[in-house]
Amino acid sequence: MNEREIEILLVEDNPGDARLTTEALKEARVRNKLTHISDGIEALALLRQQGKYAGSQRPDLILLDLNLPRKDGREVLAEIKADDRLKRIPVVILTTSQAEEDILKAYNLNANCYVSKPVDLDQFIRVVRTIKDFWLTIVKLPAE
């Protein structure tokens, strides 16, 4: 099977969680290009191909933490889903928050799904693999 490489944008300020996510995707043998950004303003600049990100490729999937410096994930999600050029990119909220208020707000802002990060390493890897299996194997992503 000749899969095309999937562009994934990981927006995560915690270096440990970013490393775990990267390793879990590698372990799952996902053919992807993973770009890691650690704050909301930089993530939006990349998505809008502004400044140093001019000419960068738009991601097929965004893994977005909620608690980010400079511009939090809720604001980033709202801006992505309000932008006609970006709104079709699936956004998976991947965060430590299990607060009902955060879950409701994320879905009200049109998040495609909400996943709480487990604290257990094996469970975290299992969650990332499940995201990979669903979003990169089962789901048909838009070809933009």
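In case you missed it, the structure is sitting above this.
What this report covers is the structure whose coordinates are included nearby. (Residues numbered from 1 in each chain as written. Predicted model: local features only at pLDDT ≥ 70, side-chain atom pairs only at ≥ 80, totals over all residues. Heavy atoms only, no water.)

On to the nonpolar core. Among the nonpolar cores identified, the biggest contains 23 residues, and Leu-47, Ile-62, Leu-64, Ile-80 and Ile-93 are the most heavily contacted of them. Sorting the residues of this core by element identifies β1 (6-11), α2 (40-47), β3 (61-64), α3 (73-82) and β4 (91-95) as the ones contributing at least two each. Per-element accounting of this core gives the leading share, five residues, to α2. Core analysis: the second largest hydrophobic core is formed by 20 residues, Ile-6, Leu-61, Leu-63 and Cys-113 among them. (Core = buried A, V, L, I, M, F, W, Y, C linked by side-chain atoms within 4.5 Å. Buried < 20%, exposed > 50% of the residue type's maximum accessible area, 1.4 Å probe, protein only. Helix = DSSP H or I, 4+ residues; strand = E, 2+ residues; numbered from the N terminus.)

Moving on to the packing of helix α1 (residues 15-27) against helix α5 (residues 121-138). Between α1 and α5, the least distance of the axes is 9 Å, while the angle of their chain directions is 60 degrees. One finds that α1 runs oblique with respect to α5. In terms of crossing hand, the pair formed by α1 and α5 is right-handed. Between α1 and α5, the residues in contact are Asp-17, Leu-20, Thr-21, Ala-24, Leu-25 and Glu-27 and Leu-121, Phe-124, Ile-125, Val-128, Arg-129 and Lys-132, respectively. Looking at the contact of α1 with α5 residue by residue, the classes come out as seven nonpolar, one polar and four charged. (Axes fitted to C-alpha atoms, helices over the stretch in contact; angles between N-to-C directions. Parallel < 35°, antiparallel > 145°, perpendicular 65-115°, else oblique. Left-handed = near helix turned anticlockwise from the far one by under 90°. Contact = heavy atoms within 4.5 Å. Nonpolar A, V, L, I, M, F, W, Y, C, P; charged D, E, K, R; others polar.)

On to the packing of aromatic side chains, then. The final tally for this structure, using the stated rule, is one aromatic pair. The interplanar angle of 90 degrees and the centroid separation of 5.2 Å between the aromatic rings of Phe-134 and Trp-135 together place this pair among those described as edge-to-face. (Phe/Tyr/Trp six-rings, centres within 6.5 Å; stacked < 30°, edge-to-face > 60°.)

A few words now on the pairing of β3. Alternating residues of β3 divide into Leu-61 and Leu-63 and Ile-62 and Leu-64, and every residue in both groups is buried. Two elements, β1 and β3, share four bridges in a ladder whose sense is parallel. Among the inter-strand pairings, Leu-9 is bridged to a residue of β3, identified as Ile-62. Relative to β4, β3 runs parallel, the two being bridged by three bridges. Paired with Ile-62 across the bridge in β4 is Val-91. (Pairing = 2+ DSSP bridges.)

With that settled, the discussion passes to the environment of Gln-123. Here Gln-123 lies in helix α5. The class for Gln-123 is partly exposed, based on a relative accessible area of 32%. On a C-alpha basis, the gap between Gln-123 and Lys-52 in space is 36 Å, while along the polypeptide they are 71 residues apart.

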